[in-house]
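Listed below, chain by chain, are the residues.
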Amino acid sequence: MRAVRAGLKPALKTGIWLLKITIPLSLVVTLLGYFGVVSYIADFLNPVFRLMGLPGEASLVFITSIFLNIYSVIAVMAQLPLTVREITILAVMCLIAHNLIVETTVQAKTGSKAWQIVLLRLSMAIFSAFLLNWILPSQMKGIVPALQVTISHNFIELMLGWVKSASLLTLKIVILVTLLMVLQEILKEFGVIKLLSKIFSPLLKLFGLPQSTSFLWIVANILGLAYGSAVMVAEVNNGTVTKQDADLLNYHIAISHSNLEDLFLFVAIGAPAMWILFPRLAIAAMAVWGRRWALSRKKTTVR
């Protein structure tokens, strides 16, 4: 009962904060899509996407990804006939750079500068696309046909659909954040967090991450940034993880997180799991070691 009581208050506070960002944002993006603004931006990016081995229409998927979650991305992708190769490149881009406003707000609250995180995720998404277009076999087998998902062009139907999805999102956020905060208190009470830190210590060293970030790394990989925000903010606020260590973690999880639910959503529509997991882990490790180098240079300059 002590763990439940200790977890409820921060869970409620973080849940409300997260909803204040997520719900208005989803409404704005829904309206932008309805009035054609998203499509206009996508048309502008078409030439760049062709250079990355993607059809021009794929730019619409990436623009959707920047503002919304992976479920929204899958809904848009389902309308396009794509090869497995194209799905793989697009999946890595979207897994690196999705839901940027919400997730960047979380990371800014835990010690990183928002503009650096946005720049990192967008640049690495584009870099990964060019890299995969260069190294992936030119003829990866299979074409995934479009599912022709119906998108309503009636404004009232659109708004009703948004209300339904927003309600489900609210319920999901409240339940997951509460359960996660309670679970964190239980794991602390029984010393499980210390055990997990020891188990994952060698892997974290390879990624250039401090051992203190091990539990948050696990949370980010299982639940992602938005749903794991309650624990992340709490760990920094109570001093368990310093802002400097959290900043290093942010450079990693900005590129590679939610490696269960989001990853398998793309696997379900034809993307090979290894190709959408390992390139992101490698790029994430490069980002952290690069950040470490930049910080060490800064300290040397100051001296």
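Scroll up to find the structure this text is about.
Residues numbered from 1 in each chain as written. Predicted model: local features only at pLDDT ≥ 70, side-chain atom pairs only at ≥ 80, totals over all residues. Heavy atoms only, no water.

*Asks:* Please give an account of the packing of aromatic side chains that cites residues and values.
*Replies:* Counting across every chain of the model gives three aromatic pairs. On the basis of an interplanar angle of 55° and a centroid distance of 5.9 Å, the ring pair of Phe-49 and Phe-62 is categorised as tilted. One end of the pair, Phe-49, is in helix α2 (residues 37-51); the other, Phe-62, is in helix α3 (residues 58-67), and 13 residues separate them in sequence. The class for Phe-49 is buried, based on a relative accessible area of 3%. (Phe/Tyr/Trp six-rings, centres within 6.5 Å; stacked < 30°, edge-to-face > 60°. Helix = DSSP H or I, 4+ residues; strand = E, 2+ residues; numbered from the N terminus. Buried < 20%, exposed > 50% of the residue type's maximum accessible area, 1.4 Å probe, protein only.)

*Asks:* So what's going on with the environment of Phe-130? Which residues, and what values?
*Replies:* Tracing the sequence through the fold places Phe-130 in helix α7 (residues 114-135). Judged by relative accessible area, which is 37%, Phe-130 ranks as partly exposed. Considering only alpha carbons, one finds Phe-130 and Met-52, 78 residues apart in sequence, at a separation of 5.2 Å. In this structure Phe-130 touches Leu-51 and Met-52, once residues within four positions along its chain are discounted. (Contact = heavy atoms within 4.5 Å.)

*Asks:* For the environment of Pro-137, give the residues involved together with the corresponding values.
*Replies:* Within the element layout of this structure, Pro-137 appears in the loop between α7 and β2 (143-144). Taking the relative accessible area as the measure of exposure, Pro-137 reaches 44% and is therefore partly exposed. Note: C-alpha distance between Pro-137 and Arg-85 (52 residues apart in sequence) is 7.9 Å.

*Asks:* I'd like to hear about the nonpolar core, residue by residue, with values.
*Replies:* By size, the foremost hydrophobic cluster in this structure holds 68 residues, and its most contacted members are Leu-90 and Phe-266. Setting aside anything within four residues of it in sequence, one finds Leu-90 in contact with Leu-54, Ala-58, Val-61, Met-77 and Leu-82. (Core = buried A, V, L, I, M, F, W, Y, C linked by side-chain atoms within 4.5 Å.)

*Asks:* Could you give me a rundown of unusual backbone geometry, with the residues and numbers involved?
*Replies:* A positive phi is found at Asn-99, a non-glycine position, where the angle reads about 45°. The phi dihedral of Ser-258 falls on the positive side, at around 50°, and the residue is not glycine. With respect to the helices and strands, Ser-258 occurs in the loop between α11 (243-253) and α12 (261-268). The exposure class of Ser-258 is buried, given its relative accessible area of 4%.

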